[in-house]
Structure formats: C-alpha cells, structure tokens
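Here's the letter readout for the chains.
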Amino acid sequence: MEDLKRLLEAVAAGRVAPEQAMANLQDQGFFAVEGFAKVDWQRERRTGFPEAIWGQNKTPEQIAAIMLAMRDRGAPVILATRVDRAAYDKIAAIVPDLYYHALARICAWQSPAALRRQLRPGTIALVSAGTADLPVAEEAAVTAELMGFRVDRLWDVGIAGIHRLFAHRDRLAQADVLIVVAGMEGALPSVVAGLVDVPVVAVPTSVGYGANFNGLAPLLTMLNSCAAGVGVVNIDNGFGAAILAGQILRTAARIPDRASEDQK
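What you see is a predicted model, and the numbers here were worked out from it, not measured in a lab.

Colleague: Looking at this model, I keep getting lost on the nonpolar core. Mind explaining?
Modeller: The tendency in soluble globular proteins is for nonpolar side chains to be buried side by side. In this structure, I124, L146, M147 and I179 are the most contacted members of the largest nonpolar core, which totals 31 residues. Breaking this core down by element, the ones donating at least two residues are β4 (77–81), β6 (106–110), β7 (123–128), α7 (134–146), β9 (177–182), β10 (200–204) and α12 (238–263). Among the elements that line this core, the one with the most residues is α7, at 8 residues. Those residues in contact with L146 that sit more than four places away from it in its chain are V77, L79, Y99, I106, A108, Q110 and R117.

Below, the structure written as structure tokens:
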C-alpha cells in the first residue's frame, strides 16, 4: 500500500495529474517512458524493493527520462547502476538533486522522506578480498544503504594474509548477513562461512590473472564451497548480492509478527 500512498501524495502535491493517477491504477503495474522503457512501478509491492535502472548500455538521456518519470510518480529511492562519471554529469544536468558514488558507479536520488526514514532491522557486513574488488563491493554496499540497511565495510582481508581477516572476527560475528566479494581463486567466502553462524552471499569478481577466466574461476570455487550456508550470485553482481542479503533480513524481520498472528 505504500506505493499507492505515494501516488496519492503526488496527486495532492500537484506532481501527478489525476488522469495520470487513474491510468496508473488501471494499468498492469508498469508505465511507459517515451516508448523505450516500461517501468515496473509495483515491484516494491510485490518483492519488497523498488526497480533499479541498469545504466550500462543506456544513454544518459534515457536514464534521466526514466528517473524523472519514477520521481514524478512518487518513488522514494531511484538508483542507476554501472554509470560512469561522464554519463552522470549529463544525467545530473537534467535530474536535480542527484548524487554520485564514483567507486560503486551508482547515481541515485532519494526523497526527503527516504533520507529521514529509520534503518531496517539487521546489519549487512561487506567483506572484500582485495582493493581491486572494491568497485563490486561498493556497488553492493551502496545498494544496501539505499535500500535502508546498516552496512559495515571490511576491506582487503583476503586469504593471502588471512591474519587480517582473523583480526576482525568480532565484526564478522556482529553481522546478520555477510556479503563476501573476491576474485583470483575466490576462496574467501568459504573461509568466512566457516567462522560465522549467518548466511553468506558470495560474489565472484572478474579480477585475476588469465586462468581466472574473467571471474569464472572464483565463481566455480564459490559454487563448490564445502562450507554450509553460502549462496552465490553472478560475476561482478554486487547489486544482486545486496538485494539478496536485504531479502534475507526483510523476511526474517516479519517472522515474529507472523508467529504472533498464528498464535491468536
């Protein structure tokens, strides 16, 4: 119902015409943007998180048009992934109040209400094997923060110097879900999963020498992990890892309420 409330508020504020609001309520859950995109504006209602924009391979003008359309329809958070600095500069000239996360290659807009909202329950710890993995790790971290989660970053603790990881076991133990990002041979998620009692989302990166095969080697290592409780997303998919970790926390938070309803 939150998206319906935002639509009504947008009508009251004059940002959306009543005729457009009626069309939105009567459509199939999406709206067209200038003939090149169809935005799934009911995704948050169905899945818990709003639709994001894949920025790579889109023009800055297309990204800006989608962002403006989503904002006008009351979206509290809008983010576009895989956006380089040159594209961001062009988008920012069209869409006001954007901000850019250079390392994560994410440009985003948040409504005043979203900036004031309370954090969702739970902490997501982001663990990267090496500094070269940071673009993917930051994509996950920034996405999780935009979705309303508390994030703890722990960088450059790969197994080549495993004492660096062991020095932070207390921080690993405080996390409710961990996202572990690694290239090369990709062994770090297995090590981390052997130390903690919470889910681990493993993200292989395309960082490594030739036999890394652009991330295929760490992907296979993670899929073949002997540690229990490891889930694996696609190569370099920091965004997907953040959404998966967020879904784990979001659904876990509603279990007590459902248990109380069952006892009534």
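Here the narrative resumes, following the displayed structure.
Colleague: Looking at this structure, how should I read the pattern of salt bridges?
Modeller: Oppositely charged side chains can form a pair if their charged atoms are brought close together. Tallying each qualifying case throughout the model produces 6 salt bridges. Residue R153 is joined to E138 by a salt bridge in which the shortest nitrogen-to-oxygen separation is 2.7 Å. Of this pair, R153 sits in strand β8 (residues 150–154) while E138 sits in helix α7, and the two are 15 residues apart along the sequence. Judged by relative accessible area, which is 27%, R153 ranks as partly exposed. With a relative accessible area of 11%, E138 lands in the buried category. A salt bridge links R164 to D156; its shortest N-O distance comes to 3.4 Å. Connected through salt bridges with shared partners, the residues E138, E145 and R153 form a single ionic network.

Colleague: What's the story with helix α4 (residues 60–72) in this structure? I'm lost.
Modeller: The periodicity of an α-helix, 3.6 residues per turn, causes residues three or four positions apart to be oriented the same way. When the terminal C-alpha atoms of α4 are compared, their 18 Å separation across 13 residues agrees well with the 18 Å that a helix rising 1.5 Å per residue should span. On the buried face of α4, the contacting elements are β1 (30–33), β2 (37–40), β3 (53–54), β4, α5 (85–92) and β6. Note on α4: the residue one or two positions beyond its end, G74, has a positive phi of about 90°.

The rules behind each value
- Residues numbered from 1 in each chain as written.
- Predicted model: local features only at pLDDT ≥ 70, side-chain atom pairs only at ≥ 80, totals over all residues.
- Heavy atoms only, no water.
- Core = buried A, V, L, I, M, F, W, Y, C linked by side-chain atoms within 4.5 Å.
- Buried < 20%, exposed > 50% of the residue type's maximum accessible area, 1.4 Å probe, protein only.
- Helix = DSSP H or I, 4+ residues; strand = E, 2+ residues; numbered from the N terminus.
- Contact = heavy atoms within 4.5 Å.
- Salt bridge = Lys/Arg side-chain N within 4 Å of Asp/Glu carboxyl O.
- Expected span 1.5 Å × (residues − 1).

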